[in-house]
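Geometric and topological summary
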Amino acid sequence: MKVAIIGAGICGLYLAWKLAEKGHSVIVFEKKEKIGKEVCSGLFSEKILEFIPQSQKLIQNQIEYCLIHFPRRTLKIKFSRKFLVMSHYELDRLVVSLAEKSGAKIILSHNVSKSDFDRLKNEFDRIIGCDGPNSIVRKSLGLSEPSYRLGIQGFISKNDSASFVETWPTKSGFIWKIPRTGAPATREALASRRGGEIEYGIIEKPAQAKKLFDEFSKKNNLHLERIELALVPQGLIIPKNSSITLCGDAAGLTKPWSGGGVVWSLIAADILLKNFPDFLKYQKEMKKNFLPKILFSKIVTKLVYFLGFNFPWLLPENYKIESDFLL
């Protein structure tokens with residue numbers, strides 16, 4: 001079949017790679033001039049190696065647990081699978097090479113407009129929107145918008161090979177610290193191959209994120225470089241449409257507790273691939289698979305935050321969770 005994928009992020013590139021391998025004619029339309037996401041912590045569970053085994057060579061650090069610093073108690077969360085620190089930029093570059101080798105065509109600097117979208121509907125058998133939080137495909141279909149949080153990140157040039165991350169919960173999100181022993185995830189830094197860095201960031205409601213992050217940075221005397229911002233969507237939105245669908249951030253598919261979306265997007269992509277070209281069956285399976293997990297995760301997250309800020313002694317100091325799902 002002739003397939004158009006809007007957006008060359010990790011989800012769109014992975015789908016292009018696998019669909020092209022199956023013999024479909026795939027064209028990916030990307031609005032940017034170059035491939036490679038830079039605004040991302042690049043913290044993925046080991047499960048990513050099941051989807052992209054070639055990414056083994058990109059590992060910069062391995063994370064075994066997380067410290068959650070509530071005001072009056074610190075919790076230690078161990079992961080059933082290690083988290084891997086990678087450059088999201090390099091990961092995208094790896095998968096685009098795999099997609100192109102499989103026969104997919106990538107068109108850069110092509111910002112799909114409403115009129116373009118109408119034209120593509122007549123030219124392609126299937127259209128998959130993987131075009132991020134502000135998806136033009138989602139908007140063109142007249143679907144509801146997801147809720148949004150704002151992610152902000154910055155870096156300090158310092159080697160840190162710690163095997164854990166630290167977080168400080170805020171009212172509707174958290175501040176994080178991630179040790180990165182490898183090269184930073186930007187084109188400029190990758191070119192110069194500087195040493196390791198420590199990443200700090202926050203995910204919060206857009207109106208509060210910058211103020212809280214500035215206050216934290218000032219209190220801890222952090223002089224951050226290369227401050228970047230990105231919207232993080234939340235709310236599963238899959239159209240009931242036989243020829244057009246959404247995947248990844250365009251579908252609002254991110255973890256309620258962390259805002260991470262890469263492994264969830266790849267799981268969704270595999271569900272789509274399994275059901276392709278039946279988008280209606282894909283929609284049903286996505287709802288069945290993710291809606292209970294999203295609901296359960298939201299409830300657990302709110303409960304932990306409520307107890308952590310108000311009755312921290314009721315929470316166990318040590319706990320173990322599955323890396324990608326709370327349920």
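Our structure is the block above this text.
Small disclaimer: the values here were computed from a predicted structure and weren't measured.

Summing up its helical and strand segments, the protein has nine helices and 14 strands in all. Against the globule reference of 20 Å for 327 residues, the protein gives a C-alpha radius of gyration of 20 Å, in line with a compact fold. Judged by the C-alpha coordinates and their principal axes, the protein covers about 60 × 45 × 35 Å. Here the protein holds 327 residues, and 55% of them are scored as buried. For the protein, long-range pairs separated by at least 24 residues make up 73% of all intrachain contacts whose partners lie at least 6 apart in sequence. For the protein, the exposed area adds up to about 14800 Å²; of that, 53% sits on carbon and sulfur atoms. Separation of charge centres in the protein, based on 49 positive and 33 negative side chains, amounts to 5 Å.

Given two aromatic rings, their pairing is described by the distance between the two centres and the angle made by the two planes. If you walk through the whole model with that rule in mind, you get 18 aromatic pairs. Relative to Phe 216, the ring of Tyr 200 has its centre 6.4 Å away and its plane inclined at 50°; by these criteria the two rings are tilted. A residue pair is termed long-range when its members are at least 10 positions apart, and Tyr 200 in strand E11 (residues 197-204) and Phe 216 in helix H7 (residues 206-219) qualify at 16 residues. Each member of the pair, Tyr 200 together with Phe 216, is buried. Residues Trp 264 and Phe 325 carry aromatic rings whose centres are separated by 5.4 Å and whose planes lie at 20° to one another, so their mutual orientation is stacked. Of the two residues, Trp 264 is situated in helix H8 (residues 262-275) and Phe 325 in the segment after strand E14 (318-321); the sequence distance between them amounts to 61 residues. Pair check on accessibility: Trp 264 and Phe 325 agree, each one buried. Ring-pair connections join several aromatic residues into one group, and the members of that group are Trp 257, Trp 264, Phe 290 and Phe 325. Its guanidinium or amino end placed over the ring of Tyr 65, Lys 76 lies 4.3 Å from that ring's centre, counting from NZ or CZ.

On to a nonpolar patch on the surface. On the surface, Phe 306, Phe 311, Trp 313 and Leu 314 cluster together into a nonpolar patch covering about 450 Å² of accessible area. As for its placement among the helices and strands, Phe 311 is situated in the loop between helix H9 (279-310) and E14. Assessed through its relative accessible area of 34%, Phe 311 is described here as partly exposed.

One can describe the packing of H8 onto H9 by two numbers: an axis separation of 8 Å at closest approach and a directional angle of 150°. On the basis of their axis angle, the class for H8 and H9 is roughly antiparallel. Pair H8 / H9 crosses with right-handed handedness. Residues Trp 264, Ile 267, Ala 268, Ile 271, Leu 272, Lys 274 and Asn 275 of H8 pack against Phe 279, Lys 281, Tyr 282, Glu 285, Met 286, Asn 289, Phe 290 and Ile 294 of H9. Of the residues belonging to the contact of H8 with H9, the class tally is 10 nonpolar, two polar and three charged.

So, on to the pattern of salt bridges. Inspection of every chain in the model, using the stated rule, returns 18 salt bridges. Among the salt bridges present, the one from Lys 47 reaches Glu 50, with a minimum N-O distance of 3.2 Å. Take Glu 50: its relative accessible area is 48%, and that puts it in the partly exposed class. The salt bridge partner of Glu 197 is Arg 226, with a shortest N-O separation of 3.0 Å.

Calculation rules
- Residue numbers run consecutively from 1 along every chain, following the written order of its sequence.
- Thresholds applied to this predicted model are a pLDDT of at least 70 for local features of residues and 80 or more for the giving and counting of side-chain atom pairs; totals over whole chains, interfaces and linings are not thresholded and use all residues.
- Side-chain figures throughout are based on the complete set of non-hydrogen atoms in the structure, without hydrogens or water.
- Under the scheme used here, helices are H or I runs from DSSP no shorter than 4 residues and strands are E runs no shorter than 2 residues, and both carry numbers assigned from the N terminus.
- Our radius of gyration looks at C-alpha atoms and nothing else; its globule reference is 2.2 Å times the residue count to the power 0.38.
- Whether a residue is buried, partly exposed or exposed follows from its accessible area with a 1.4 Å probe, protein chains only, as a fraction of its type maximum: under 20%, in between, or over 50%, in that order.
- Note on definitions: a residue-residue contact is assigned when non-hydrogen atoms from the two residues lie within 4.5 Å.
- Note that accessible areas follow from Shrake-Rupley with a 1.4 Å probe, and for residues the cover is restricted to the protein chains shown.
- For the charge count, each Lys or Arg is scored as positive and each Asp or Glu as negative, with His and the chain ends excluded.
- For the purpose of locating charges, the reference atoms are NZ of Lys, CZ of Arg, CG of Asp and CD of Glu.
- By convention, a stacked pair of Phe, Tyr or Trp rings (six-membered ring in the case of Trp) has centres within 6.5 Å and planes under 30 degrees apart, an edge-to-face pair has planes over 60 apart, and any other such pair is tilted.
- A ring has a charge above it when a Lys NZ or an Arg CZ is no more than 6 Å from the ring centre and no more than 35 degrees off the ring normal.
- Patch members must show over 30% relative accessible area and no salt bridge, and they are joined within 9 Å when carrying like charges or within 5 Å when they are nonpolar side chains of Val, Leu, Ile, Met, Phe, Trp or Tyr.
- Each reported salt bridge corresponds to a side-chain nitrogen of Lys or Arg within 4 Å of a carboxyl oxygen of Asp or Glu.
- Axes, fitted as lines to C-alpha atoms, cover a helix only where it is in contact. Angles between the N-to-C directions of the axes lie from 0 to 180 degrees.
- Each angle is binned into one of four classes, with values under 35 degrees roughly parallel, values over 145 roughly antiparallel, values of 65 to 115 roughly perpendicular, and all other values oblique.
- Handedness of a crossing is defined here by the sense of rotation of the near helix relative to the far one, left-handed for an anticlockwise turn of less than a right angle and right-handed for a clockwise turn.
- Residues are grouped as follows: Ala, Val, Leu, Ile, Met, Phe, Trp, Tyr, Cys and Pro are nonpolar; Asp, Glu, Lys and Arg are charged; all remaining types, including Gly, are polar.

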